[in-house]
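Descriptive analysis of the structure
One letter stands for each residue in the lines below.
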Amino acid sequence: MPIQYYLFLSLALFCIGIMGALMRRNAIIIFMSIELMLNAVNLLLAAFSKMYNDSAAQIFVFFIMVVAAAEVAVGLAIIVMVYRKVHSVDVNILNRLKH
Amino acid sequence: MDILQIIFWILTVMAIGCALGVVLSRNPVNSVIFLILTFFAISGHYLLLNAQFLAIVNIIVYAGAIMVLFLFVIMLMNLNADTEPQKSWLVQLAGVVSGGTLFLVIIAAISKANLLGVINTETTNIGLIKVLGQVLFKQYVLPFEISSVLFLSAMIGAIVIGKKDME
């Protein structure tokens with residue numbers, strides 16, 4: 001199995017995540033697209049770990065998962081707070097820093 | 001064709017199809033379900049890559065904890081309707097074009113880079129929890145402890161942000 005297959009797979013997942021973050025207006029969907037991008041990078045790290053027969057990359061994937069869990073907790077708290085203030089999770093409403 | 005290659009292609013099609021479902025489905029609950037399926041496909045890839053511990057942690061942490069948190073928030077906000085306002089088609093087209101351009105540019109760079117790596121299919125023990133624990137608690141013990149501080153601060157931060165206003 002060439003490493004290119006895994007590169008192209010994680011690249012495709014990453015670009016789908018970027019498209020989702022740019023296309024959608026729902027803040028939760030944008031957040032889920034970011035999770036998708038993180039997972040694409042994790043998959044590539046695991047593939048390189050297998051290729052070089054080194055388990056340090058898997059430790060790094062583990063740390064990325066830890067940071068992602070912390071990020072989700074804080075981010076969802078922020079989204080719930082925004083929903084409580086403006087009764088919407090539409091990111092187009094959240095442009096008050098412009099004025 | 002080897003049985004492992006067949007499993008690889010099935011998991012790849014499942015991962016990319018469900019990732020497209022996350023982005024394209026109108027209902028946020030369907031997006032969450034598609035994302036969980038994507039995580040299961042990625043866990044299958046981890047199993048193919050001899051990362052057994054990561055496969056289990058991916059299912060427990062991502063599909064089990066994080067996505068349930070997403071689902072709870074969606075249910076709490078009562079967002080499971082298809083009435084979400086859409087961006088104009090011009091902005092959507094711009095998003096697809098920029099994502100696709102990045103895809104093509106990195107594919108061109110990779111094919112020029114002439115990466116010669118082959119992932120052999122023989123099983124190794126680098127992904128077992130015994131080996132990973134040895135590495136984690138010998139070489140990477142300081143980042144591990146710092147991540148516990150990160151978790152504490154994330155927990156306190158989430159509580160402080162989510163608290164109702166005092167006045």
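Model, not experiment: these values are computed from the prediction.

A tally of helices and strands in chain A yields three helices and zero strands. For 99 residues, the compact-globule formula gives about 13 Å, and the C-alpha radius of gyration of chain A, at 17 Å, lies well above that figure. For the C-alpha atoms alone, the extent of chain A along its principal axes is close to 50 × 25 × 20 Å. Counting across all 99 residues of chain A, residues that qualify as buried make up 63%. Partitioning the intrachain contacts of chain A with sequence separation of at least 6 by distance along the chain shows that 55% fall at a separation of at least 24.

Moving on: the domain arrangement of chain B. When its domains are assigned, chain B resolves into domain 1 (3-124) and domain 2 (128-167). The straight-line distance from the C-alpha centre of domain 1 of chain B to that of domain 2 of chain B is 25 Å.

Bringing helix α2 (residues 28-48) of chain B into the picture now. All names here are of chain B. Over its 21 residues, α2 runs 30 Å from end to end, which matches the ideal 30 Å to within 8%, given 1.5 Å per residue. At the N-terminal boundary of α2, the capping side chain belongs to asparagine 27, with an oxygen 3.2 Å from the backbone nitrogen of valine 29. Directly after α2, the chain includes asparagine 50, whose backbone phi takes a positive value near 60°.

Another point: the environment of glutamine 5 of chain B. Residue and element names in this part refer to chain B. Among the secondary structure elements, glutamine 5 is positioned in helix α1 (residues 3-24). Residue glutamine 5 is classed as partly exposed on the basis of its relative accessible area, which comes to 27%. The spacing of glutamine 5 and threonine 38 is 33 residues in sequence and 19 Å in space, taken between C-alpha atoms.

With that out of the way, let us pick up unusual backbone geometry. Here asparagine 53 of chain A, not a glycine, exhibits a phi torsion of approximately 55°, which is positive. With respect to the helices and strands, asparagine 53 of chain A occurs in the loop between α2 (27-52) and α3 (56-86). Unlike most non-glycine residues, asparagine 50 of chain B shows phi in positive territory, near 60°. Relative to the helices and strands, asparagine 50 of chain B resides in the loop between α2 and α3 (52-77).

Looking now at the UniProt feature "transmembrane region" (unreviewed entry) in chain A. All names here are of chain A. Cross-referencing UniProt, the feature "transmembrane region" (unreviewed entry) maps to residues 6-22, 29-48 and 60-83 in the present numbering. Note that residues 29-48 is 100% helix and 0% strand, and that its end C-alpha atoms are spaced 29 Å apart. Counted over residues 60-83, helix gives 100% and strand 0%. Its end C-alpha atoms are 34 Å apart.

Here asparagine 58 of chain B is to be found in helix α3. The spacing of asparagine 58 of chain B and tyrosine 46 of chain B is 12 residues in sequence and 9.0 Å in space, taken between C-alpha atoms. For asparagine 58 of chain B, the contacting residues outside a window of four places in its chain are Asn39 and Met65 of chain A together with Phe39, Ile42, Ser43, Tyr46 and Ala63 of chain B.

This part is about the interface of chain B and chain A. Each partner contributes to the interface: chain B provides 83 residues, whereas chain A provides 68 residues. For the pair chain B and chain A, the summed buried surface comes to about 7000 Å²; carbon and sulfur atoms form 77% of the total. In terms of surface lost to chain A, no three residues of chain B exceed Phe70, Met77 and Ile119 of chain B, which account for 10% of the buried area on that side. Scanning the region where chain B abuts chain A turns up zero salt bridges.

Before going further, it helps to spend a moment on the packing of aromatic side chains. Counted by the stated rule, this structure contains 10 aromatic pairs over all chains. Taking the centre distance of 5.7 Å and the plane angle of 55° together, the rings of phenylalanine 31 of chain A and phenylalanine 70 of chain B count as tilted. Of this pair, phenylalanine 31 of chain A sits in helix α2 while phenylalanine 70 of chain B is found in helix α3, placing the two residues in two different chains. One aromatic cluster is present, formed by Tyr5 and Tyr6 of chain A together with Phe8 and Trp9 of chain B through successive ring pairs.

Conventions used here
- Residues numbered from 1 in each chain as written.
- Chains lettered and ligands numbered in written order.
- Predicted model: local features only at pLDDT ≥ 70, side-chain atom pairs only at ≥ 80, totals over all residues.
- Heavy atoms only, no water.
- Helix = DSSP H or I, 4+ residues; strand = E, 2+ residues; numbered from the N terminus.
- Rg over C-alpha atoms; globule rule 2.2 N^0.38 Å.
- Buried < 20%, exposed > 50% of the residue type's maximum accessible area, 1.4 Å probe, protein only.
- Contact = heavy atoms within 4.5 Å.
- Domains from an automatic or database assignment.
- Expected span 1.5 Å × (residues − 1).
- Polar contact = N/O pair within 3.5 Å; in protein donor to acceptor, adjacent residues only side chain to side chain.
- UniProt positions renumbered as here; feature names shortened; annotations may be inferred.
- Buried area = accessible area lost by both parts, 1.4 Å probe.
- Salt bridge = Lys/Arg side-chain N within 4 Å of Asp/Glu carboxyl O.
- Phe/Tyr/Trp six-rings, centres within 6.5 Å; stacked < 30°, edge-to-face > 60°.

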